[in-house]
Amino acid sequence: MKTKKRKISIIGSTGSIGRQALEVIEKLEDKFEIIALAGGNNVELLKKQAEKFKPKYICHNNPSPAFQAPSPARRSIRRGKGHKLLYGSEGLEQICSNKENDIILVACSGKIGLKPTLTAIKNGIDIALANKETLVMAGDIVMNEAKKYGVNIIPVDSEHCAIHQCIKDIKLVDKLIITASGGPFLHKSVEDMKNATVEQALAHPRWNMGKKITVDSATLMNKGLEIIEAHHLFGFDYDKIEVVVHPQSIVHSAIEYVDGSVIAQLGLPSMHIPIQYAITYPERFEGIKSKSFSFSEIARLDFEKPDFEKFQTVKLAYEMGKIGGTATVCMNAANEEAVFAFLDGKIKLYNIYEITKKMCDEHTVIKNPSIDEIFAVDKEIRQKTKEYILKFI
Ligand SMILES: NC(=O)c1ccc[n+]([C@@H]2O[C@H](COP(=O)([O-])OP(=O)(O)OC[C@H]3O[C@@H](n4cnc5c(N)ncnc54)[C@H](OP(=O)(O)O)[C@@H]3O)[C@@H](O)[C@H]2O)c1
């Protein structure tokens, strides 16, 4: 019996999550039809993806005149067997308001994910959400809109995907336990961390990811963002969300039921699994599974308490999450700008926390902000952070 193909679009198809999603889709080609692929600057890769997967639309955000005017690269995209070329945020809006889509994978990094996600929700399209910044910036609005329009938000982040898989009856869950690999500086001194090079910060021991999230994993801000993401996705108070360091990244997270029973989700560290789970939910397929899980091969699993004095970003995220409103918008914007400055060699790794903390300390929080207020605060903080960063150069 033939089943109907699920129609999917990917925002951020040229990134780490987007590329792995296409590997999953290639394995499950009889299950999916790609409506649109959207990337940022990497038009050459987008073009190759379009040739292979034949979406109806492709969208990029490369401002280079070479891609704005007729040129060999753009002409070859246009010739690409009938797909329509879209551009920039308008293009993303067009993709996300296309009701042909059953599901949209939001896999771009940073604040770009928020608007397309809200547009897709308003059009009743389910979301596979990798872009955690969307919930950090506007979790209350996004989750309320999803409820209003009857839309599923299925997490792609391995920790939240693990929790999603463990929960049977959310009313009976007492606590969420989020695991953290600890990143490249887990057992290094604070001094080593302060003087880390970009190369060292990008050398994550377990996961191969985009640069922004890899730096966030080195400072552990990624775990801070995930705590806020979990609060919104599952509706738990911050006091009921615990972080535990687990360097092997085998236990992807766990939940504790009211009776003390703990259910964890385990698997080899591969983002293919949570991506596949999210885009095929509620079904499950063998798909991209490469190797069977073996406890005896893994042999040992370690757990330890996170050092919040060394990784102060996690403490800051708990604080900002509890304050709510635009506190997390401010933290996200300042952190993102500081990470870009670190990657550009303008500041040291430890300055990321210091800069973010200063912006948070000086921010006047708006409680229950509208989406326009969120974008206004985001813009203001980014500007202020960039100006402050000049003092470090
Ligand atoms: N990577 C992981 O393992 C992982 C795990 C959990 C959660 N996440 C989350 O998933 C998100 C993506 O992470 P990633 O590691 O895949 O990042 P990444 O490798 O940096 O990819 C980011 C993607 O966003 C695209 N993009 C940038 N600007 C855009 C724009 N204006 N319009 C459309 N697309 C744009 C990029 O396009 P170009 O490359 O063409 O410029 C690229 O396709 C992040 O929020 C991250 O926190 C990632």
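Note that this is a predicted model, so its numbers are computed, not measured.

Caption draft 1: Main features of the sheet that holds strand β8 (residues 173-180). Strands sit in the order β9-β8-β10-β11 across an open sheet of four strands; the sheet is mixed. Looking at the sheet topology across the chains shown, the edges are occupied by β9 (241-245) and β11 (262-266). Averaged over all neighbouring strand pairs, the angle between strand axes comes to 20°, with direction disregarded.

Caption draft 2: Region of interest: the domain arrangement of the protein. By domain assignment, the protein separates into domain 1 (6-155), domain 2 (157-320) and domain 3 (324-393). The centre of domain 1, based on its C-alpha atoms, is set 25 Å off from the matching centre of domain 2. Between domain 1 and domain 2, the contact holds 25 residues from the first and 26 residues from the second. Within the residue set of the side of domain 1 that touches domain 2, elements represented by two or more residues are α1 (16-27), β5 (103-106), α7 (133-149) and β7 (153-155). Among the elements that take part in the side of domain 1 that touches domain 2, α1 stands out by supplying seven residues, more than any other. Here the side of domain 1 that touches domain 2 is composed, by residue class, of 15 nonpolar, six polar and four charged.

Caption draft 3: Highlighting unusual backbone geometry. Here the amide bond leading from Y281 into P282 is cis, since omega sits at 5°, within 30 degrees of zero. Assignment of secondary structure puts P282 in the loop between α13 (272-280) and α14 (295-298). You will see that S249, though not glycine, has its phi angle at about 55°, which is positive. Topologically, S249 is positioned in the loop between β9 and β10 (251-257).

Caption draft 4: Seen up close, the environment of G139. Structurally, the position occupied by G139 is in helix α7. Separated by 37 residues in the primary sequence, G139 and D102 place their C-alpha atoms 22 Å from one another. What G139 contacts, discounting residues up to four positions off in sequence, is I228 and H232.

Caption draft 5: Region of the structure containing the packing of helix α11 (residues 211-219) against helix α12 (residues 221-234). Where α11 contacts α12, the two axes come as close as 5 Å, and the packing angle between them is 100°. Of the possible angle classes, the one that applies to α11 and α12 is roughly perpendicular. Packed against α11, whose contacting residues are I213, D216, S217 and T219, the element α12 presents M221, N222 and L225 at the interface. Residue composition of the contact of α11 with α12, grouped by class: three nonpolar, three polar and one charged.

Caption draft 6: Looking closely at the site of the ligand. Neighbouring the ligand are 29 residues; G15, G40, N42, M209 and G210 lie closest to it. Secondary-structure elements contributing two or more residues to the shell around the ligand are α1 and α11. Here the shell around the ligand gets three residues from one element, more than from any other, and that element is α1. Its residues placed into classes, the shell around the ligand shows 12 nonpolar, 13 polar and four charged. Structurally, the shell around the ligand is a two-domain feature, drawing no fewer than three residues from each of domain 1 (6-155) and domain 2 (157-320).

Rules used throughout
Residues numbered from 1 in each chain as written. Predicted model: local features only at pLDDT ≥ 70, side-chain atom pairs only at ≥ 80, totals over all residues. Pairing = 2+ DSSP bridges. Helix = DSSP H or I, 4+ residues; strand = E, 2+ residues; numbered from the N terminus. Axes fitted to C-alpha atoms, helices over the stretch in contact; angles between N-to-C directions. Domains from an automatic or database assignment. Contact = placed C-beta atoms within 7 Å. Nonpolar A, V, L, I, M, F, W, Y, C, P; charged D, E, K, R; others polar. Parallel < 35°, antiparallel > 145°, perpendicular 65-115°, else oblique. Near = placed C-beta within 6 Å.

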